[in-house]
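Here's the letter readout for the chains.
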Amino acid sequence: MPARFELHGIAFSGPTYKVGLMLALAGEPFDYVHLNMMQGEHKQPAHLSKQRYGQVPLLTDRNNGRHLCQSAAILEYLSDTLGKFGGATLDERLQAREWLYWDFDRLASQIYRARTIKLGIRPAPPEVYDAHIAGGNAALKVLDQHLAGRNWIVGEGVTIADIDIYGVVAYAEEAGFDLSAYSNIQSWMKRFEALPGFASTKALLPMESRVAA
Ligand SMILES: N[C@@H](CCC(=O)N[C@@H](CS)C(=O)NCC(=O)O)C(=O)O
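Structural notes, computed from the coordinates. (Residues numbered from 1 in each chain as written. Predicted model: local features only at pLDDT ≥ 70, side-chain atom pairs only at ≥ 80, totals over all residues. Heavy atoms only, no water.)

## What to know about the environment of R66
So, point 1. Take R66: it is sitting in strand β4 (residues 66–69).
So, point 2. As for R66 and K50, which are separated by 16 residues in sequence, their C-alpha atoms are 8.8 Å apart.
So, point 3. The residues contacting R66, other than those within four sequence positions of it, are L59, T60, D61 and Y77. (Helix = DSSP H or I, 4+ residues; strand = E, 2+ residues; numbered from the N terminus. Contact = heavy atoms within 4.5 Å.)

## Topic: the pattern of salt bridges
One side chain can pair with another of opposite charge once the charged atoms of both are near each other.
So, point 1. Inspection of the entire model under this criterion finds 9 salt bridges.
So, point 2. R4 is paired through a salt bridge with D61; the nearest N and O atoms lie 2.8 Å apart. Within this pair, whereas R4 is found in the segment before β1 (5–9), its partner D61 is found in strand β3 (residues 58–61), the two being separated by 57 residues in sequence.
So, point 3. Using a relative accessible area of 0% as the deciding quantity, one classes D61 as buried.
So, point 4. Notably, a salt bridge pairs R93 with D80, separated by 2.9 Å at the nearest N-O pair. Placement of R93 in helix α4 (residues 90–118) and of D80 in helix α3 (residues 71–82) is noted, with a sequence separation of 13 residues between them.
So, point 5. When salt bridges with common partners are traced through the structure, they connect E6, D31 and R62 into a single cluster. (Salt bridge = Lys/Arg side-chain N within 4 Å of Asp/Glu carboxyl O. Buried < 20%, exposed > 50% of the residue type's maximum accessible area, 1.4 Å probe, protein only.)

## Describing the side chain of D31
So, point 1. Inspection of the secondary structure puts D31 in strand β2 (residues 30–34).
So, point 2. According to the relative accessible area criterion, D31 is buried, its value standing at 9%.
So, point 3. Here R62 takes part through its side chain, which lies 2.9 Å from a polar atom of the side chain of D31.
So, point 4. In this view, D31 contacts A3, F5, E6, L7, R62, R210, V211 and A212; residues no more than four positions away in its chain are not counted. (Polar contact = N/O pair within 3.5 Å; in protein donor to acceptor, adjacent residues only side chain to side chain.)

## Concerning the packing of aromatic side chains
So, point 1. Using the criterion set out here, one finds 9 aromatic pairs in the structure.
So, point 2. Ring centres 6.1 Å apart and planes at 85° place the aromatic pair Y17 and Y171 in the edge-to-face group. Taken as a pair, Y17 in helix α1 (residues 14–25) and Y171 in the loop between α6 (160–169) and α7 (172–175) lie far apart in primary sequence, 154 residues in all.
So, point 3. Residue classification places Y171 among the buried positions, given a relative accessible area of 4%.
So, point 4. On the basis of an interplanar angle of 75° and a centroid distance of 6.0 Å, the ring pair of Y112 and Y171 is categorised as edge-to-face. One end of the pair, Y112, is in helix α4; the other, Y171, is in the loop between α6 and α7, with 59 residues separating them in the sequence. Each of the two residues, Y112 as well as Y171, counts as buried.
So, point 5. Taken together, the ring pairs in this structure connect Y17, F104, Y112 and Y171 into an aromatic cluster.
So, point 6. The cationic tip of R115 hangs over the ring face of F12; the distance from NZ or CZ to the ring centre is 3.9 Å.
So, point 7. Of note, R191 hangs over the ring of W152, and the distance from its end group to the ring centre comes to 6.0 Å. (Phe/Tyr/Trp six-rings, centres within 6.5 Å; stacked < 30°, edge-to-face > 60°. Lys NZ or Arg CZ within 6 Å of the ring centre and 35° of its normal.)

## Here we look at empty space enclosed by the protein
So, point 1. As enumerated under the stated definition, the model contains 1 cavity of 30 Å³ or more in all.
So, point 2. By volume, the largest cavity is sized at about 50 Å³.
So, point 3. Lining of the largest cavity is provided by E76, S79, D80, G86, R93, A96, R97 and I160.
So, point 4. Counting residues per element, the ones that place at least two in the lining of the largest cavity are α3 and α4. (1 Å grid on protein atoms, 1.4 Å probe; cavity = no way out; pocket = protein on both sides within 12 Å on 5 of 7 lines; lining within 4 Å. Points joined across faces, edges and corners; volume = space filled by probe spheres on them.)

## Here we look at the nonpolar core
So, point 1. One finds L78, V169 and W188 to be the most contacted residues of the largest nonpolar core, which totals 62 residues.
So, point 2. Ranked by residue count, the leading element in this core is α4, at 10 residues.
So, point 3. Formed jointly, this core draws a minimum of three residues from each of two domains, domain 1 (5–84 + 198–204) and domain 2 (90–193).
So, point 4. When neighbours within four sequence positions are excluded, W188 is seen to be in contact with L147, N151, W152, I153, D162, I165, Y166 and V169. (Core = buried A, V, L, I, M, F, W, Y, C linked by side-chain atoms within 4.5 Å. Domains from an automatic or database assignment.)

Don't take any of this as a statement about function, it's just geometry.
Structural data, given as structure tokens:
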């Protein structure tokens, strides 16, 4: 029987990693479809008919034929349908959602963009890179202070807020950030990486398509 979920993405993509991580932590095997973005596969009608923004990730739920996009919305969908990582109460669920919005506004926007500049994928003048580093550090400081005395971002257990934000902070060093000043973030990352089912970007997002084991 085929796996319930099919994830379309590229190995480089942080938002795709977030979705792969969620599935892995939830113990859901998934088929992985590698898109050839160099050849513009993400802008072809076959992809656009399922992913209106012409981006990755795209997640298909074979149980109901749904095609889902936008990583944060996908995490919410998965936590609703799988009954995992959604928070223990309505208040926790709302707080987790708050962090997802904050992430894309303040953290992911800076870290992901700094990374594409640093890796030469989207070249930009040094002052643009420096502005992303400054903005990212401001956001990392907020996160580090929030994590003081806490194991997880919301409540007492792992939620989609942790999964979403880990899928950004995991790329910070590659983007040129120095995490040594953020001891609470470092401890939280270690706790996160020890979770059953945790896997690195390389393990979850290969350079070619893969059928679930
Ligand atoms: N907000 C979106 C961002 C997705 C995104 O930026 N995807 C990139 C790859 S990491 C992409 O598909 N870029 C190609 C494009 O925008 O044309 C999400 O979280 O899913």
